[in-house]
Amino acid sequence: MKLIFATNNQHKVDEIRALLTDSIHVITLKEAGIEIDIPEPYDSMEENASVKSKTIYKMTGTPCFSEDTGLEVTALQGEPGVKSARYAGENRSFDANIEKLLSNLADKPDKTARFRTVISVIINDHETAFEGICTGRIIDTRRGDNGFGYDPVFIPDGSNKTFAEMSLAEKARYSHRARATAKLVAFLNKLETNH
Ligand code: ITT
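Residues numbered from 1 in each chain as written. Predicted model: local features only at pLDDT ≥ 70, side-chain atom pairs only at ≥ 80, totals over all residues. Heavy atoms only, no water.

(A) Examining the nonpolar core more closely. L71, L101, I138 and F154 are the most contacted members of the largest nonpolar core, which has 21 residues in total. Elements that contribute at least two residues to this core include exactly β3 (64–73), α3 (94–105), β4 (112–123), β5 (126–138) and β6 (154–156). Looking at this core, the element that brings in the most residues is α3, giving four residues. I138 has contacts with L71, L101, L102, L105, K111, A113, V153 and F154, leaving out every residue within four places of it along the chain. By size, the runner-up hydrophobic cluster in this structure holds 16 residues, among which are L20, F130, A180 and L184. (Core = buried A, V, L, I, M, F, W, Y, C linked by side-chain atoms within 4.5 Å. Buried < 20%, exposed > 50% of the residue type's maximum accessible area, 1.4 Å probe, protein only. Helix = DSSP H or I, 4+ residues; strand = E, 2+ residues; numbered from the N terminus. Contact = heavy atoms within 4.5 Å.)

Right under this line is the structure:
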């Protein structure tokens, strides 16, 4: 099965490709020759994931999926959440976003947080969504050079390493994205066996 992954984030592509079975071929927007910055205008990850996959499905008619992810911090009432990519401003700087997060959390004793991923997949005009959640906590200094986004300051429950101190395979043992992707893979494999 061939699917377009409607994202401009290469880190997401690398993480998801590492989790797919051989029968699922993921093509990036770049590989499909599509250059587009899809607006994410909504207040929920569900709606933003949906608009991304619908936009590409309308353009191509090819099965496709997208995902929207946010970091939801308890003491910040779920922020940055849907605003995770642009928390510190429109230039989408990972570093500035972490700086703002640490500063907003500095005087808060509760450091718990979770990542939430919503995947939207469209096949034969039919949309389905999957969610993946990873709970953990934010630490006050960066650790590690791997990954992207908020990885240097997030430790998932069950580990004492930040995501940025983990390999792709280690991160996948805990991550929101891996959990949502496992549901996508099960869904796609079931579709294949029913055909
Ligand atoms: P798309 O093209 O797929 O929309 P994006 O980077 O804009 O790529 P999102 O809108 O889902 O993706 O933004 C989510 C932001 O949350 C992202 O820019 C990172 O800052 C952060 N993020 C997402 N997944 C993460 C992860 O696994 N670890 C750390 N930070 C993550």
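(B) The pattern of salt bridges, seen in detail. Within this structure, the stated rule accounts for 20 salt bridges. The partner of R17 in a salt bridge is E31, with the nearest N and O atoms 2.9 Å apart. With R17 in helix α1 (residues 10–17) and E31 in the loop between β2 (25–28) and α2 (45–60), this residue pair connects regions lying 14 residues apart in the sequence. On the basis of relative accessible area, R17 is assigned to the partly exposed category, the value being 34%. On the basis of relative accessible area, E31 is assigned to the exposed category, the value being 51%. The residue R177 makes a salt bridge to E67 at a minimum N-O spacing of 2.4 Å. (Salt bridge = Lys/Arg side-chain N within 4 Å of Asp/Glu carboxyl O.)

(C) Inspection of the sheet that holds β3 at higher detail. Across the sheet, six strands lie side by side as β2-β1-β3-β4-β5-β6; this open sheet has mixed pairing. A strand with exactly one partner marks an edge of an open sheet, and here the two such strands are β2 and β6. With strand direction ignored, the average angle separating the axes of adjacent strands in the sheet is 35°. Pairing of strand β1 (residues 2–5) with β3, which is carried by two bridges, proceeds in the parallel orientation. Bridge pairing in β3 links F5 to F65. In the packing of α2 onto the sheet, the strands contacted are β1, β3, β4 and β5, and the crossing angle to β3 comes to about 160°. (Pairing = 2+ DSSP bridges. Axes fitted to C-alpha atoms, helices over the stretch in contact; angles between N-to-C directions.)

(D) Seen up close, unusual backbone geometry. Along the chain, E79 connects to P80 via a cis peptide bond; the corresponding omega equals -5°. Among the secondary structure elements, P80 is positioned in the loop between β3 and α3. In the Ramachandran plot, Q77 falls in the positive-phi region, its phi being about 50° despite a non-glycine side chain. Residue position: Q77 is located in the loop between β3 and α3. Positive phi outside glycine occurs at D125, with the angle close to 65°. Within the fold, D125 resides in the loop between β4 and β5. The class for D125 is exposed, based on a relative accessible area of 65%.

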